[in-house]
Amino acid sequence: MRPIPWEVKRELLIKAEEETNPDYGCIPDERPIKDYIKYGVINLDKPAGPSSHEVVAWVKRILNLQRAGHSGTLEAVAGETRL
Amino acid sequence: MTGILPVALEEATKIVQALLLMGKEYICIMQLHNPISENILKDVINEFIGEIYQRPPLRASVKRQVRIRIIYYLNLLEVQSNLALFQVGCQSGTYIRKLCYDIGEALGCGAHMKELRRTRVGPFIEDQTLTNLYDLVYAQAAFTEEGSETKLRQIIQPMENGLTLLPKVYIRDSAVDAICHGAHLAIPGILKVETGIKPNTILTLFTQKGEAVALAKATMSTENIMKQDHGIAAKTLRVIMPINTYPKMWRASKTRLTKKQI
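Residues numbered from 1 in each chain as written. Chains lettered and ligands numbered in written order. Predicted model: local features only at pLDDT ≥ 70, side-chain atom pairs only at ≥ 80, totals over all residues. Heavy atoms only, no water.

The helix and strand inventory of chain B stands at eight helices and 14 strands. Expressed along its principal axes, the backbone C-alpha trace of chain B runs to roughly 80 × 50 × 35 Å. The 262 residues of chain B split such that 51% are buried. Put simply, 64% of the contacts in chain B that link residues at least 6 apart link residues at least 24 apart. By element, 51% of the accessible surface of chain B is carried by carbon and sulfur atoms, the whole surface being about 12500 Å². Of the charged side chains in chain B, 32 are positive and 24 negative, and the gap between their average positions amounts to 12 Å. (Helix = DSSP H or I, 4+ residues; strand = E, 2+ residues; numbered from the N terminus. Buried < 20%, exposed > 50% of the residue type's maximum accessible area, 1.4 Å probe, protein only. Contact = heavy atoms within 4.5 Å. Areas by Shrake-Rupley, 256 points an atom, 1.4 Å probe, with all protein chains shown as cover. Lys, Arg positive; Asp, Glu negative; His and termini not counted. Charge placed at Lys NZ, Arg CZ, Asp CG, Glu CD.)

For chain A, the helix and strand inventory stands at two helices and three strands. Scanning chain A from its N terminus toward the C terminus, one meets helices and strands in the order β-α-β-α-β. Per-residue burial over chain A gives 41% buried out of 83 residues. When the accessible surface of chain A is split by element, carbon and sulfur atoms take 50% of a total near 5000 Å².

Our next topic: the sheet that holds strand 14 (residues 232-239) of chain B. Spatial strand order, 1(A)-11(B)-9(B)-12(B)-13(B)-14(B)-10(B): seven strands in an open sheet with mixed pairing. On the outer flanks of this sheet lie strand 1 (12-14) of chain A together with strand 10 (185-186) of chain B, each paired with one strand and no other. Sheet topology note: the strand 10 of chain B/strand 14 of chain B ladder contains two bridges and is antiparallel. Residue Ala-186 of chain B lies in a different strand from strand 14 of chain B, and its bridge partner there is Ile-232 of chain B. (Pairing = 2+ DSSP bridges.)

Take helix 2 (residues 52-63) of chain A next. Here helix 2 of chain A contains 12 residues, and its C-alpha end-to-end distance of 17 Å stays within 8% of the 16 Å for a straight helix at 1.5 Å per residue. Inspection of helix 2 of chain A places Ser-52, Val-55, Val-56, Val-59 and Leu-63 of chain A among the buried residues, and these make up the whole buried set. End-on, the buried residues of helix 2 of chain A take up no more than an arc of 100 degrees, which puts them together on one face. For helix 2 of chain A, the exposed residues lying more than 90 degrees away from the buried face are His-53 and Arg-61 of chain A. The inward-facing, buried residues of helix 2 of chain A contact strand 2 (40-46) and strand 3 (68-70) of chain A together with strand 1 (2-9), helix 4 (133-146), helix 5 (150-155) and strand 8 (156-158) of chain B. A positive phi of about 55 degrees marks Asn-64 of chain A, the residue just after helix 2 of chain A. (Expected span 1.5 Å × (residues − 1). Arc of directions from axis to C-beta.)

Here we come to a nonpolar patch on the surface. Residue and element names in this part refer to chain B. A cluster of nonpolar side chains, contributed by Tyr-53, Val-66 and Ile-68, occupies part of the molecular surface with about 310 Å² of accessible area. Topologically, Val-66 is positioned in the loop between strand 3 (50-54) and strand 4 (67-80). Classification of Val-66 as partly exposed rests on a relative accessible area of 43%. (Patch = residues over 30% accessible without salt bridge, like charges linked within 9 Å, V, L, I, M, F, W, Y side chains within 5 Å. Salt bridge = Lys/Arg side-chain N within 4 Å of Asp/Glu carboxyl O.)

This part takes up the confidence of the model for chain A. Here chain A averages 87 in pLDDT, and 84% of its residues register 70 or above. In the model, residues 76-83 of chain A has pLDDT below 50 throughout and makes 18 contacts with residues more than four positions away in sequence or in other chains. (pLDDT = per-residue confidence, 0-100.)

Residue and element names in this part refer to chain B. The backbone of Ser-81 sits at a positive phi, close to 40 degrees, despite the residue not being glycine. Among the secondary structure elements, Ser-81 is positioned in the loop between strand 4 and strand 5 (83-90). With phi around 80 degrees, Asn-200 is a residue other than glycine that occupies positive phi space. Take Asn-200: it is sitting in the loop between strand 11 (190-194) and strand 12 (202-206).

Looking now at the environment of Pro-158 of chain B. Tracing the sequence through the fold places Pro-158 of chain B in strand 8. The exposure class assigned to Pro-158 of chain B is buried, which follows from its relative accessible area of 4%. Between the C-alpha atoms of Pro-158 of chain B and Ala-12 of chain B, which are 146 residues apart in sequence, the distance is 8.6 Å. Discounting chain neighbours no more than four positions away, the residues touching Pro-158 of chain B are Pro-28, Asp-29, Arg-31, Tyr-36 and Tyr-39 of chain A.

On to the pairing of strand 9 (residues 168-171) of chain B, then. Strand residues, when the strand is regular, have side chains that alternate between the two faces of the sheet. All names here are of chain B. Burial along strand 9 is two-sided: Lys-168 and Tyr-170 facing one way and Val-169 and Ile-171 facing the other are all buried. Two elements, strand 9 and strand 12, share three bridges in a ladder whose sense is parallel. Paired with Lys-168 across the strands is Thr-204, a residue of strand 12. Across three bridges, strand 9 lies against strand 11 in antiparallel orientation. Bridged to Val-169 within strand 11 is Val-193.

A separate point is the side chain of Thr-236 of chain B. Within the secondary structure, Thr-236 of chain B is located in strand 14. Of note is the side chain of Thr-236 of chain B, whose polar atom sits 2.6 Å from the backbone oxygen of Ala-183 of chain B. (Polar contact = N/O pair within 3.5 Å; in protein donor to acceptor, adjacent residues only side chain to side chain.)

Before going further, it helps to spend a moment on the interface of chain B and chain A. Listed per partner, the contact involves 89 residues of chain B and 64 residues of chain A. For the chain B and chain A pair, buried surface summed over both sides reaches about 7200 Å², with 60% attributable to carbon and sulfur atoms. The three residues of chain B that bury the most area against chain A are Met-1, Leu-5 and Glu-10 of chain B, which together make up 11% of that side's buried surface. The interface formed by chain B and chain A holds four salt bridges in total. Close ionic contact of Glu-160 of chain B with Arg-31 of chain A constitutes a salt bridge, the shortest N to O distance being 2.7 Å. (Buried area = accessible area lost by both parts, 1.4 Å probe.)

What follows is the structure, encoded as structure tokens:
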């Protein structure tokens, strides 16, 4: 039986130590807003009705994005009212 | 169907393939076509835990070929006349509609999926980060009209939050740009490594600042990575960070230089 992915416990082992240079890169939470959006994910609650693809298209339009993607279609049930 | 739909923006779409490795959870109402005793229902449902064979339904986005999927758990929560409420944790690519149909066949009475809500995709669950489209519209308006980033920053999370379930390897600043150019991860570039890595495990390479650099496939176990002082530890699969984010600290091999000189 394979373990449930979200219940696997891992430990971080240290092989070597080194300081990181503050002149390069950025802590993810501190990215300037443009980059923060560009490297961002939204935990979206999909409403009933529209397809996953339609919802992603709305997110793109709301935020004026070039690209957006989702992981796995939440299909509409046969007979479900679609907008 | 409602529920968790993680939406990756712009460059973050590169992590979507990783989210597909992390499993999903649903809550489902199944309509039984005839009344069935709760005990029989429980017994039959329990047989669907573990590896199942599933042919994708007629209306599916993949080839309709029987495939093996893993059902991590399947809990019957409530039965009311011909309706059964259950919670299921499963591998990505499991069709719950088909699961309901197959449970109905196994019961002999027939069944179909009536309602479905996704309650988890990998690390994303129904917590305070869950957002609807209205919140998003308001947050965007606050940003464009008042210049306030606060709401957008609450709703949007760094893509790194989507990678928390994969084993992590932290690498040296000096190794980052080589990885961004597609190089494989060599042992000397590694600072920290998580337990549980085996050859072929998909992992994420991080900078010490916690930025995702790339997805990679391990060629060594955690134990070996800790022991070795040279060699390739992981092969880069998908670069996430743009090149030149970190300084170039590597040189093209001598053979390549010679070719250039010629």
